[in-house]
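Analysis of the macromolecular model
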Amino acid sequence: MIAIICSTLGEIKEIKLSLSKTEEGVWEGIRYISGKLREKPVLLGITGVGIKKARKGTRFIIERFKPNLIISAGFGGALSPSFKIGDIVIGEWVLSLKKNEKRNLFSDVPNCGYDFKKGGILTENRFIYNPREKKKLFEDTGALVVDMETWSVTEVAFERGVKVLSVRSISDEYSETLPDMGSIFNSRGVLDKGKALTYFVSHPLHILPYIRYMTFNSKKSSDSLCRFLRKITPLL
């Protein structure tokens with residue numbers, strides 16, 4: 001079985017619709033849906049946002065469903081200026097600056113007729129939204145994209161001998177200034193209206209970038225990610 005682990009359902013909602021479901025449930029806030037994708041047994045796991053949530057969700061999914069491959073899938077912020085919204089990146093390695101450690105990832109995937117690039121992924125436990133910080137992280141680490149989950153997924157999976165393929169769809173470009181999403185969303189990836197109101201009152205110039213992100217970036221990124229997963233997953 002292949003487990004596709006992501007932080008929010010919105011990132012892979014079209015995959016859920018494509019899945020012929022056989023089981024669905026929730027355990028301590030972790031949602032799981034099992035079924036088949038083009039006759040391939042697949043489990044979707046929605047863990048919540050961030051390192052701790054991803055670690056807990058990965059541990060549960062491995063112990064309960066025993067996948068032989070995990071796809072850590074979701075959105076990622078571009079650290080390289082070469083990427084556009086919806087571009088697909090497959091991680092060759094993942095880096096944790098906090099632990100000053102790098103791990104190699106499974107990235108030997110077949111040609112599926114969908115363009116992608118390979119390179120490094122940086123995992124941070126906060127949303128990186130400032131172009132100046134993105135530029136510095138790119139220069140310091142060489143990672144192409146930043147996310148909030150891949151490192152913790154690999155921590156658990158590697159302990160149990162499970163391979164991890166990380167697939168990230170670019171949701172914000174190198175030069176984009178965005179709101180601090182951690183200040184307006186909760187750990188389930190749901191807008192906290194009270195926090196959002198407080199944030200936007202003090203950051204009114206972030207309102208239009210937020211609207212663009214939610215109405216254009218997220219949709220294009222999710223559509224691209226789901227198209228890629230529908231093509232590559234049955235071949236793995």
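Residues numbered from 1 in each chain as written. Predicted model: local features only at pLDDT ≥ 70, side-chain atom pairs only at ≥ 80, totals over all residues. Heavy atoms only, no water.

Focus on the packing of helix H2 (residues 51-65) against helix H4 (residues 150-159)
Taken N-terminus to C-terminus, the directions of H2 and H4 make an angle of 30°; their axes are 8 Å apart at the nearest point. For the pair H2 and H4, the crossing hand works out as right-handed. Residues Ile 51, Ala 54, Arg 55, Thr 58, Arg 59 and Ile 62 of H2 form the contact with H4, whose own contacting residues are Ser 152, Val 153, Glu 155, Val 156 and Ala 157. Classifying every residue of the contact of H2 with H4 gives six nonpolar, two polar and three charged. (Axes fitted to C-alpha atoms, helices over the stretch in contact; angles between N-to-C directions. Helix = DSSP H or I, 4+ residues; strand = E, 2+ residues; numbered from the N terminus. Left-handed = near helix turned anticlockwise from the far one by under 90°. Contact = heavy atoms within 4.5 Å. Nonpolar A, V, L, I, M, F, W, Y, C, P; charged D, E, K, R; others polar.)

Points about the nonpolar core
Counting 27 residues, the largest nonpolar core has Ile 61, Ile 70 and Ile 170 as the members making the most contacts within it. Of all the secondary structure elements, the ones that give two or more residues to this core are strand S1 (2-6), strand S3 (30-37), H2, strand S5 (69-78), strand S6 (88-96), H4 and strand S10 (163-172). Looking at this core, the element that brings in the most residues is H2, giving five residues. Within the second largest apolar cluster, 26 residues are counted, among which are Cys 6, Ile 33, Leu 69 and Cys 112. (Core = buried A, V, L, I, M, F, W, Y, C linked by side-chain atoms within 4.5 Å. Buried < 20%, exposed > 50% of the residue type's maximum accessible area, 1.4 Å probe, protein only.)

So, the packing of aromatic side chains
Scanning the entire structure with this criterion turns up nine aromatic pairs. With a centroid separation of 6.2 Å and an interplanar angle of 90°, the aromatic rings of Phe 60 and Phe 65 are classed as edge-to-face. Just as Phe 60 is buried, Phe 65 falls in that class too. Judged by centre distance (5.7 Å) and plane angle (70°), the rings of Phe 116 and Phe 228 are edge-to-face. A residue pair is termed long-range when its members are at least 10 positions apart, and Phe 116 in the loop between strand S7 (101-104) and strand S8 (117-123) and Phe 228 in helix H6 (residues 207-232) qualify at 112 residues. Put simply, the rings of Trp 27, Tyr 32, Phe 60 and Phe 65 pair up and form one aromatic cluster. Residue placement shows Arg 103 over the ring face of Trp 151; its charged tip is 4.4 Å from the ring centre. Lying across the ring of Phe 106, Lys 163 places its NZ or CZ 4.5 Å from the centre. (Phe/Tyr/Trp six-rings, centres within 6.5 Å; stacked < 30°, edge-to-face > 60°. Lys NZ or Arg CZ within 6 Å of the ring centre and 35° of its normal.)

So, the pattern of salt bridges
One pass over the full model with this rule turns up 17 salt bridges. Residue Glu 155 pairs with Lys 99 through a salt bridge whose shortest N-O separation is 2.4 Å. With Glu 155 in helix H4 and Lys 99 in the loop between S6 and S7, the pair connects residues that are 56 residues apart, well separated along the chain. With relative accessibility at 11%, the residue Glu 155 sits in the buried group. Across the salt bridge formed by Lys 136 and Asp 140, the nearest N and O atoms sit 2.6 Å from each other. In this pair, Lys 136 and Asp 140 are both assigned in helix H3 (residues 131-141), four residues apart and thus about one turn of the helix distant. Through salt bridges that share partners, Arg 55, Lys 99 and Glu 155 make up one connected network. (Salt bridge = Lys/Arg side-chain N within 4 Å of Asp/Glu carboxyl O.)

Function cannot be read off these values alone, since they describe shape.
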